[in-house]
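The primary structure of each chain is shown beneath.
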Amino acid sequence: MYSDDTIAAIATALSESGIGIIRVSGSMAKEITNKIFVGPSGKRIIDKMQTHTIKYGYVISLDSTEDSFRDNIIDECLVSYMQGPKSFTGEDVVEINCHGGVFVVKKVLSEVLRAGARLADPGEFSKRAFLNGRMDLTEAEAVMDIISSKSDSSLKASINQLSGNISKKIKELREDILYNIAFIESALDDPEHISLDGYDEKITGLLEKWIYEIDKLIRSNDSGKFLREGINTVLLGKPNAGKSSVMNLLLGQDRAIVTDIAGTTRDTLEEYIKFGNIGLNLVDTAGIRDTENTVEQIGVDRARKAAENADLIIYVVDSTDLNNNITKGYIDLMNSFSNKKGIVLLNKVDLGKNFEKIDFPYPVIEFSTVTGEGFDILKDTITDMFYKGLGSSSDEIVITNIRHRNLLEDCKKSLVNVQQSVSMGMQEDFYSIDLMDAYSSLGKIIGEEIEDDLATEIFSKFCLGK
Amino acid sequence: MSVSEKNKLVEYYDVAVIGAGHAGCEAALACSRLGLKTIIFTVSVDSIALMPCNPNIGGSSKGHLVREIDALGGEMGKNIDKTFIQSKMLNVSKGPAVHSLRAQADKQNYSKSMRNVLENEPNLTIKQGEVCEFVWEDISNEDNIQYDKQSKSNLNYNQLNSKSNNEPLVSQDLFSYYRNATKKIVGVRSYTGATYMCKAAIICSGTYLNARCLCGEAITYTGPNGLQAATHLSESIKNMGIDLRRFKTGTPARMDGKTIDYSKLSEQKGDDRVIPFSFSTDPESVQKEQFSCWLTYTNEETHKIIRANLDRSPIYAGIIEGTGPRYCPSIEDKVVKFSDKDRHQVFLEPEGLYTDEVYVDGMSSSLPEDVQQAMYRTVPGLENCKIVRNAYAIEYDCINAKQLYNSLQFKSVNGLFAAGQFNGSSGYEEAAAQGLIAGINAAMYILNREPLVLDRSESYIGVLIDDLVTKDNREPYRMMTSKAEYRLLLRQDNADLRLRKYGYQVGLISEEDYKKVCEKETLILSEMDRLKNTFVGASKDVLSYLDSIGSTPLTTGVSLAALLCRPEVTYENMAVIDKDRPSLPSSVTEQVEIELRYEGYIDRQKKQVEHFKKMESRKIPVDLDYDDVPSLRIEARQRLKEFKPLSIGQASRLSGVSPADVSVLLVYLEKGNNR
């Protein structure tokens, strides 16, 4: 409805090119930005900023100190500050201009949110602009028409983006939570009929279950997950196809033991890397082959297991060692992980390209760890694979997903509050207050509790189009 | 219509209160105490403050209402303190927000004592008789202009939207709404033909309007307890353009206590230390002998009899038209709807000290007499019971309270107020709370002062009235703690701190009493401050104290306030490590302990209240023409036109008004502001 907390959102269309702007509006705008932005020398400078000026510097991660900022730079940015009421919304506004790119823009937004801003509902900036008298009459008329005509359809659109399973799960959780609120409340209302003896134990179990399920839902929200945690990527291939070399190239250092003896990597190796704009949780694995060596066999099993949990499998194929048998082996392997995203690296092309075109079920990239050929294509391919469709053309999907994720996290927060109340020995009437909040957060996802912030989603056209 | 047109008797009063139940008594007392000449009508003087159903006052959330009534200067709390025979603080094992007092009353004494209070009020006249007609006038334009002059807020968008951070002690704007009315009250007429001219009238007709009692096939057209029903007034109310509807409620049988075998029942005693309802009652004066209630259960045999005779129940046979309350089901409802339960609790409660009658709590019914007797006699302890009064269901005329402002005045008739079951509520406490507010606001109306409107964030009374006047209530409304969204702030223990100032402002609380609360508040704040700024470390004393209460040792220094958040630590047992503490009354230390122990939770609710207040303070002008607001959905437009909400906050709580409509309204109002 109308509140004065500080909100943030991506104010430009998400695309791989140009500049992305994160807008932060509200009384805490400066304070929040100050936590994640430093000047070129690493000093916090936003708090001393004059209105209507621009500063150059770095967005760094929230956990970073001034000393360690160099290791925590997310992007090089320009930040402008407009003190209210002379700003777009009439409130204090900070705008962070960063280097486009879906990942970076979202990463910056997520740091702003972590620093204390609330994700703006679509159109909330415009609405605040109105309520603070920053728009003229004609615009007001138009906005009113749009709210009333589009709010329903926008709500529906947002709900439709949920898969049937997720909304079913949320409904179940809601019913379950509501039942428990009702139980507590009836016991408070009529303590002589309904007893809460032993309820602590029951609710403790339920809370664990609910939080587990909410966590699962949060994880299932891909874009949110990739944004925060990176893409789980596994390197798979026959022994000595060069997986470890590929990994080292991506890492930029010799971490895995590289020899020309097949089967050197006996276990899985895990690294987090920033691969351009993308975070990858990279897992190098032992080569997949039938082996008599027990130790090596364990490695192979682990490799398969890692692949089963991956978001992306990069198949590393030695282009100098291709015959029908090997090709068939790879295709069998790919078929066994057919539900995963995959990329084929035809490695070692620096040694010659005299191989036949093979029909792999995934994009094929000619690659060399020696010359670096194919590196950029690999980067683009991964970006396309994970962020296309969430980016430029359909901003709403990203926003909605972040919105859903935030609501799930709100819900989780409320449930964790209940857990704390239980462990602190608080009485049951405190539980139901937080349970009610959890219930209403879930309701907002599936639109069963229609609050006006949902209706104002429609303002998004004014907001993001600006 | 009066029987006699020849009766030329005319008397002059400021306020006429129709009905002397729990709402009527509070309303009449408030008006007369505020210096207005008041007359209260009752069909029988012997039924003043009658308790026709359960013999207790208070209970979960209802106890809160009584405390609030008392804080504002009402009578209910004082009266039950004088006449209780058992008292219990409910939910003491739960958080302080849901602690609630409940007292068993000596019904006759309660009624007599209240009548005595009424009789001793100098400005109050008691009159037995049935009011059957209102005398009203149409309001001319001139009157409307006059209301404009009376009203401080001349309608001006800027003024209405100005953000007042300090919420007004009384609503600044409601008064201006009164000029939207088309009629005003000038008098009432009794069945005998006498006319009582008055400036305001308060309908507190309870369940008497066109009442019909049902006990199986036996139907009588009487009010509760066989008293005379009021059969004429409904017509006059309808003639003023007010819509009526029908609700239903019920009561169980009363047993002859001599026929109950108490040896089979388990005894339910009162608290060892009784806490009075009223903030003015000396706590020592209520430490007296108490009387027990008794617990028993229904069984499969009881349920079998009920099931076999459902066709003779007026509800299941379709004879009852009124809507009954789900939260207070008859025993036949319980058996049908909760068929998996093999027994239901039954409390046997004495009706008073000078009677043998016993109330059978949990078994209200409208089954025929013979079935009732058979059914009650299956219950252990009641095998040989004799019924003194049969259980019955009662149907009555009431209104949908959406026709009222939060001040409890009708939107269409100036000077006409309504309170209690007539507004679609249920319960003595709910009635008394509304009676008090209606009385105060009738007085404010006559005195040209702004009405008192309590909001949802400061009182249960505010929640009660707001729910009644904004929500679609399809059954008699009962207060519950879950209906108060800010209940951690609305505790029964701090009702005086929350509401005394309003009682004082209105004129029902003396300056002396008000100052006491102010002093209490100062003491609380300074003691909280002291505890937050007094630090203890891991000294020997502190460690041995913590060890003695089974609390984990300290590793760093903490404030006493932080220590108080530990469940094992109490303000009292902390005394050994807090040697320099000032000597404070327990009413102060209780608040200090609660406010500090639950500070995190309380602060969270305070934040929510800030947001709520913001929405409430965005007023909607009285003369807003909703047809001029583009883009409102048709349903919302109708709702808003019909309801005329006072604020954006209230508009957002109306059913049929979507958040998008609220946004549209906000933008429209802002547009006007910028013009």
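Residues numbered from 1 in each chain as written. Chains lettered and ligands numbered in written order. Predicted model: local features only at pLDDT ≥ 70, side-chain atom pairs only at ≥ 80, totals over all residues. Heavy atoms only, no water.

## Things to note about the domain arrangement of chain B
Residues and elements named next belong to chain B.
Thinking step 1. Domain parsing of chain B yields domain 1 (10-54 + 62-83 + 115-155 + 168-246 + 397-506), domain 2 (250-393), domain 3 (511-602) and domain 4 (618-674).
Thinking step 2. Between the C-alpha centres of domain 1 and domain 4 the distance comes to 28 Å.
Thinking step 3. With 16 residues of domain 1 at the contact, the number on the domain 4 side is 15 residues.
Thinking step 4. Roughly 1,400 Å² is buried in total at the junction of domain 1 and domain 4, and carbon and sulfur atoms are behind 54% of that figure.
Thinking step 5. At the boundary of domain 1 with domain 4, the tally comes to one salt bridge.
Thinking step 6. Among the salt bridges present, the one from D466 reaches R653, with a minimum N-O distance of 2.6 Å.
Thinking step 7. Secondary structure elements with two or more residues in the side of domain 1 that touches domain 4: helix 7 (174-177) and helix 13 (460-470).
Thinking step 8. Taken together, the residues of the side of domain 1 that touches domain 4 sort by class into five nonpolar, four polar and seven charged. (Domains from an automatic or database assignment. Contact = heavy atoms within 4.5 Å. Buried area = accessible area lost by both parts, 1.4 Å probe. Salt bridge = Lys/Arg side-chain N within 4 Å of Asp/Glu carboxyl O. Helix = DSSP H or I, 4+ residues; strand = E, 2+ residues; numbered from the N terminus. Nonpolar A, V, L, I, M, F, W, Y, C, P; charged D, E, K, R; others polar.)

## Here we look at the sheet that holds strand 5 (residues 84-90) of chain B
Residues and elements named next belong to chain B.
Thinking step 1. Spatial strand order, 4-6-5: three strands in an open sheet with antiparallel pairing. Each having just a single partner strand, strand 4 (56-58) and strand 5 make up the two edges of the open sheet. Looking at each pair of strands side by side, their axes are set apart by 20° on average, direction ignored.
Thinking step 2. Summarising the sheet, strand 5 and strand 6 (residues 100-105) pair through six bridges and their orientation is antiparallel. (Pairing = 2+ DSSP bridges. Axes fitted to C-alpha atoms, helices over the stretch in contact; angles between N-to-C directions.)

## Considerations on the packing of helix 3 (residues 76-83) of chain B against helix 4 (residues 107-119) of chain B
Each packed pair of helices is defined by two parameters, the angle between the axes and the distance between the axes.
Residue and element names in this part refer to chain B.
Thinking step 1. Packing of helix 3 against helix 4 brings their axes to within 9 Å, and their N-to-C directions diverge by 130°. Between helix 3 and helix 4, the interaxial angle falls into the category oblique. Here the hand of the crossing between helix 3 and helix 4 comes out right-handed. Between helix 3, through M76, N79, I80, K82 and T83, and helix 4, the contact on the second element is made entirely by N109, Y110, S113, M114 and V117.
Thinking step 2. When its residues are assigned to classes, the contact of helix 3 with helix 4 shows five nonpolar, four polar and one charged. (Parallel < 35°, antiparallel > 145°, perpendicular 65-115°, else oblique. Left-handed = near helix turned anticlockwise from the far one by under 90°.)

## Considerations on the nonpolar core
Thinking step 1. Counting 122 residues, the largest nonpolar core has L72, F134, V188, I202, F410, L416 and I461 of chain B as its most contacted members.
Thinking step 2. The element contributing the most residues to this core is helix 12 (residues 428-446) of chain B, with 13 residues.
Thinking step 3. Excluding residues within four positions of it along the chain, F134 of chain B makes contact with I18, I185, G187, V188, A201, I203, L233, S236, I237, M240 and L416 of chain B.
Thinking step 4. By size, the runner-up hydrophobic cluster in this structure holds 41 residues, among which are L236, Y315, M334 and F337 of chain A. (Core = buried A, V, L, I, M, F, W, Y, C linked by side-chain atoms within 4.5 Å. Buried < 20%, exposed > 50% of the residue type's maximum accessible area, 1.4 Å probe, protein only.)

## Quick word on the packing of helix 9 (residues 300-308) of chain B against helix 11 (residues 369-376) of chain B
Residues and elements named next belong to chain B.
Thinking step 1. Viewed as axis vectors pointing N to C, helix 9 and helix 11 meet at an angle of 165°, and their least axial separation amounts to 9 Å. As judged from the angle between their axes, helix 9 and helix 11 are roughly antiparallel. When you trace helix 9 past helix 11, the crossing you get is right-handed. Residues T302, I305 and I306 of helix 9 lie in contact with helix 11, whose contacting residues are V371, A374 and M375.

## Topic: the sheet that holds strand 4 (residues 53-60) of chain A
All names here are of chain A.
Thinking step 1. Reading across the sheet, the seven strands line up as 3-4-5-6-2-1-7 and stay open at both edges, with mixed pairing between neighbours. Every other strand in the sheet has two partners, leaving strand 3 (37-38) and strand 7 (118-119) as the edge strands with one partner each.
Thinking step 2. Pairing between strand 1 (residues 7-10) and strand 2 (residues 20-25): four bridges, direction antiparallel. Bridging across to strand 2, I7 finds its partner in S25.
Thinking step 3. Of the strands in this sheet, strand 1, strand 2 and strand 7 touch helix 3 (residues 124-131), which is tilted by about 130° from strand 1.

## Here we look at the packing of aromatic side chains
Thinking step 1. For the structure on display, the rule yields twelve aromatic pairs over all chains.
Thinking step 2. An angle of 15° between the planes, with centres 4.8 Å apart, marks the rings of F430 of chain A and Y598 of chain B as stacked. In this pair, F430 of chain A sits in helix 13 (residues 428-446) while Y598 of chain B sits in the loop between helix 18 (586-597) and helix 19 (599-617), so the two residues belong to two different chains.
Thinking step 3. Taken together, Y56, Y58 and F69 of chain A form an aromatic cluster joined through their ring pairs.
Thinking step 4. The ring of Y297 of chain B carries the charged tip of R343 of chain B above its face, separated from the ring centre by 3.5 Å.
Thinking step 5. Over the face of the ring belonging to Y571 of chain B we find R581 of chain B, whose NZ or CZ atom lies 3.8 Å from the ring centre. (Phe/Tyr/Trp six-rings, centres within 6.5 Å; stacked < 30°, edge-to-face > 60°. Lys NZ or Arg CZ within 6 Å of the ring centre and 35° of its normal.)

## A closer look at helix 11 of chain B
All names here are of chain B.
Thinking step 1. All buried positions along helix 11 are accounted for by V371, Q372, M375 and Y376. Down the axis of helix 11, the sector holding all buried residues measures 125°, keeping them to one side.
Thinking step 2. Packing partners of the buried residues in helix 11 comprise strand 12 (212-215), strand 14 (245-256), helix 9, helix 10 (331-337), strand 18 (357-364) and strand 19 (387-389). (Arc of directions from axis to C-beta.)

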